[in-house]
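Structural overview for review
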Amino acid sequence: MTGQERSEEKSECVSLSPMMEAVPAPPESERVCVFGTGDLGRSLGLRLLQAGYGVVFGSRRPHSRSSLLPHGAQVLGHAAAAQSAHLIFIAVQREHYDFLVPLANQLKGKVLVDLSNNLRKNQYPEANAEYLQSLVPGAEVVKGFNTLSAWSLQNGPSDANRQVYICGESVEAKQAVIAVATKLGFSALDQGFLSVARELEDFPLQLFPQWRLPLRISIGLSAAFFFYLLIRYVIYAYVTQGEDISFRIMVSLANQVCPIVSLIMLSLCYLPGVLASFLQLYRGTKYRRFPNWLDRWMLCRKQLGLLSLGFAFLHVLYTLIIPIRYSVMFWVTEHTVSVIRENRTTMFDTTTAWHDDSYLSLGILGFGLYVLLGITSLPSVINALSWREFSFVQSKLGHLTLLFCTAHTYLYGWNRFLSSSTYKWYTPPGYMLCLVLPSVVLLLKLLLITPCVDRTITRIRQGWERGADQRNPKDSQPLIP
Ligand code: NAP
């Protein structure tokens, strides 16, 4: 450090805690520098201080920033701050990176951690980290920490987000960053060279990527069944009997759409697993890739299941409010009064009572298991389960849930399946349509658990291959090309 730089550091240095001045500065290896005193810079600085690091902020205006920064940190001009630590976090927007060019000498040999993100994908021709490396070729740039937010950093180690991804050319530089990340309570995952930086920068821009397909399916199914039921009930009643029952749209129709969509989505959650088993049986091996569509489908099973649970929950809520609806209360009162007025006697029908209770009981059991499936898909619960316990709940109890819910729907239909009045305008009611898929899934699953099929599929999953002895090993397609 030149004498001029030392005097510059002295004049620019602002210690944020008068008490800290008496404490000797930590060695360079225990000191880190943060360029930028914005939201992320401040949160990161606080977390670094809490982990025991000495923190030196580099700022354009060190004097005016001092009151904003966490206690115990120093704030200097960029040049002086760069001299104080080997590792420098760049918490500045990419468009301002050119301020680093005149600092090339001070930054030579330093590790620069690029924290930046963009507003949209492909905003710039090259990744921000690669751009930073081109501006300061003498430094070792590591991309990392950009998937954390200032908010989650401020929340401290109790925040659930514990992973940071890093990439860079220099192994030593990455190790230095991993050491800091570990001390901050994160687990750092090395993603490779700096060419991966663009992928890491795109990561925070993703908007529920695994939810997109399940959401589209649920919206599509809801819309299709809503219009189908609207025509079959409301429009049919208006056209054939001149009756206006449009008020039923809000609760009755919604309460038909929700269970229909829920049951179909639950079937869609279990169908890919069944298809994958049949594909493995057909191929006689598990060492071949599934087609992309099946892979994609399998990857979103959790989201399909959770959305399905959401629709089931709505169905339960809609069902619970039935007794307090005006139209229901009106018809019940009307019926009671007419029975009294006409002095009619109604007989208790045991068969109907059995049917009603069984139908409701299966619905309750199905929903109870549904909730259990939902709970066991939470990461914290998954972590507490062994693989066998998880697979027991998600597969065995999952299929049982599908069985209960399907049986609940069959009992709902009961003797109406064979009644011609059910088929308004020659169309089947929604609940009949929604039974097709779960019935197919359950039948296929039944086939899979028959002893002879189950034995073969278990052997395949344990690595057995049909005709493996005769086949030339070169013929088998590897999992990873
Ligand atoms: P910010 O609040 O706007 O702060 C950026 C800081 O950069 C300013 O406080 C300023 O510090 C410095 N700066 C501004 N203009 C400058 C210039 N022309 N030359 C040199 N320094 C300049 O931004 P931020 O939210 O902290 O984000 C910083 C970086 O982290 C961004 O690249 C962002 O994409 C990334 N990031 C942010 C978050 C987040 O949650 N905020 C999460 C992940 C990644 P001085 O005035 O002290 O110089």
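Residues numbered from 1 in each chain as written. Predicted model: local features only at pLDDT ≥ 70, side-chain atom pairs only at ≥ 80, totals over all residues. Heavy atoms only, no water.

This part covers the UniProt feature "transmembrane region" (unreviewed entry) in the protein. Here the UniProt feature "transmembrane region" (unreviewed entry) sits at residues 217-239, 259-282, 303-324, 359-385, 397-415 and 430-453. The span residues 303-324 is 82% helical and 0% strand by assignment, and the distance between its end C-alpha atoms comes to 33 Å. (UniProt positions renumbered as here; feature names shortened; annotations may be inferred. Helix = DSSP H or I, 4+ residues; strand = E, 2+ residues; numbered from the N terminus.)

Let's shift gears to the site of the ligand. For the ligand, the set of nearby residues contains 20 residues, the closest of which are Thr37, Leu40, Ser59, Arg60 and Arg65. Within the backbone of glycine 38, one N or O atom sits 3.0 Å away from an oxygen atom of the ligand. A distance of 2.6 Å separates an oxygen atom of the ligand from a polar side-chain atom of serine 59. Notes on the ligand: free accessible area 880 Å², of which the protein chains cover 80%. The residue inventory of the shell around the ligand, partitioned by class, reads seven nonpolar, 10 polar and three charged. (Near = heavy atom within 4 Å. Polar contact = N/O pair within 3.5 Å; in protein donor to acceptor, adjacent residues only side chain to side chain. Areas by Shrake-Rupley, 256 points an atom, 1.4 Å probe, with all protein chains shown as cover. Nonpolar A, V, L, I, M, F, W, Y, C, P; charged D, E, K, R; others polar.)

Okay, the environment of leucine 433 next. Looking at where leucine 433 falls in the secondary structure, it is placed in helix α18 (residues 430-433). In sequence terms leucine 433 and isoleucine 260 are 173 residues apart; their C-alpha atoms lie 8.5 Å from each other.

Another point: unusual backbone geometry. Notably, asparagine 122 is not glycine yet its phi reads approximately 55°, a positive angle. Residue position: asparagine 122 is located in the loop between β6 (111-114) and α6 (128-135). Of note, asparagine 343 is a non-glycine position whose phi angle comes to about 55°, a positive value. Looking at where asparagine 343 falls in the secondary structure, it is placed in the loop between α14 (326-341) and α15 (350-375). By relative accessible area, asparagine 343 is classed as exposed at 67%. (Buried < 20%, exposed > 50% of the residue type's maximum accessible area, 1.4 Å probe, protein only.)

Let us now look at the side chain of asparagine 128. Residue placement: asparagine 128 occurs in helix α6. A polar atom in the side chain of asparagine 128 sits 2.9 Å from the side chain of arginine 94. Here the side chain of asparagine 128 touches serine 116 through a polar contact of 3.0 Å, side chain to side chain. Setting aside its immediate chain neighbours within four residues, asparagine 128 contacts Arg94, Tyr97, Asp114, Ser116, Asn117, Asn118, Lys143 and Glu201. (Contact = heavy atoms within 4.5 Å.)

The next point concerns the side chain of lysine 174. By secondary structure assignment, the location of lysine 174 is in helix α8 (residues 171-183). The buried category is assigned to lysine 174, whose relative accessible area is 6%. Within polar-contact distance, the side chain of lysine 174 engages the backbone oxygen of glycine 168 at 3.1 Å.

So, about the nonpolar core. The nonpolar side chains of a soluble globular protein tend to be buried, and buried together. Counting 52 residues, the largest nonpolar core has Ile264, Leu304 and Tyr370 as the members making the most contacts within it. Where this core is concerned, the elements lending two or more residues are α10 (212-241), α11 (252-283), α12 (292-299), α13 (301-320), α15, α17 (387-413), α19 (436-448) and α20 (451-461). With 16 residues, α11 is the largest single contributor of residues to this core. Ignoring any residue separated from it by four or fewer positions in sequence, one finds leucine 304 in contact with Pro214, Ile217, Met265, Leu268, Cys269 and Trp297. (Core = buried A, V, L, I, M, F, W, Y, C linked by side-chain atoms within 4.5 Å.)

A separate point is the packing of α15 against α17. The N-to-C vectors of α15 and α17 enclose an angle of 155°; their axes lie 8 Å apart at closest approach. Compared by their axis directions, α15 and α17 come out roughly antiparallel. For the element pair α15 and α17, the recorded crossing hand is left-handed. Listed contacts from α17 to His355, Ser358, Tyr359, Leu362, Gly363, Leu365, Gly366, Leu369, Tyr370, Leu372 and Leu373 of α15 are Val393, Gln394, Leu397, Gly398, Leu400, Thr401, Phe404, Cys405, Ala407, His408, Leu411 and Tyr412. Looking at the contact of α15 with α17 residue by residue, the classes come out as 15 nonpolar, eight polar and no charged. (Axes fitted to C-alpha atoms, helices over the stretch in contact; angles between N-to-C directions. Parallel < 35°, antiparallel > 145°, perpendicular 65-115°, else oblique. Left-handed = near helix turned anticlockwise from the far one by under 90°.)

Moving on, we get to the packing of aromatic side chains. All chains considered together, the criterion is met by 16 aromatic pairs. Their ring planes at 80° and their centres at 5.0 Å tell us that tyrosine 236 and tryptophan 425 sit as a pair that is edge-to-face. Of the two residues, tyrosine 236 is situated in helix α10 and tryptophan 425 in the loop between α17 and α18; the sequence distance between them amounts to 189 residues. Taking the relative accessible area as the measure of exposure, tryptophan 425 reaches 40% and is therefore partly exposed. For the pair phenylalanine 313 and phenylalanine 367, a centre-to-centre distance of 6.1 Å together with 25° between the ring planes defines the contact as stacked. One end of the pair, phenylalanine 313, is in helix α13; the other, phenylalanine 367, is in helix α15, with 54 residues separating them in the sequence. For phenylalanine 313, a relative accessible area of 44% gives the class partly exposed. (Phe/Tyr/Trp six-rings, centres within 6.5 Å; stacked < 30°, edge-to-face > 60°.)

On to the environment of serine 218, then. With respect to the helices and strands, the residue serine 218 is situated in helix α10. Classification of serine 218 as buried rests on a relative accessible area of 3%. Taking the C-alpha atoms as reference points, serine 218 and cysteine 258, 40 residues apart in sequence, are found 9.8 Å from one another. Of the polar contacts made by the side chain of serine 218, one reaches the backbone oxygen of leucine 215; its length is 2.9 Å.

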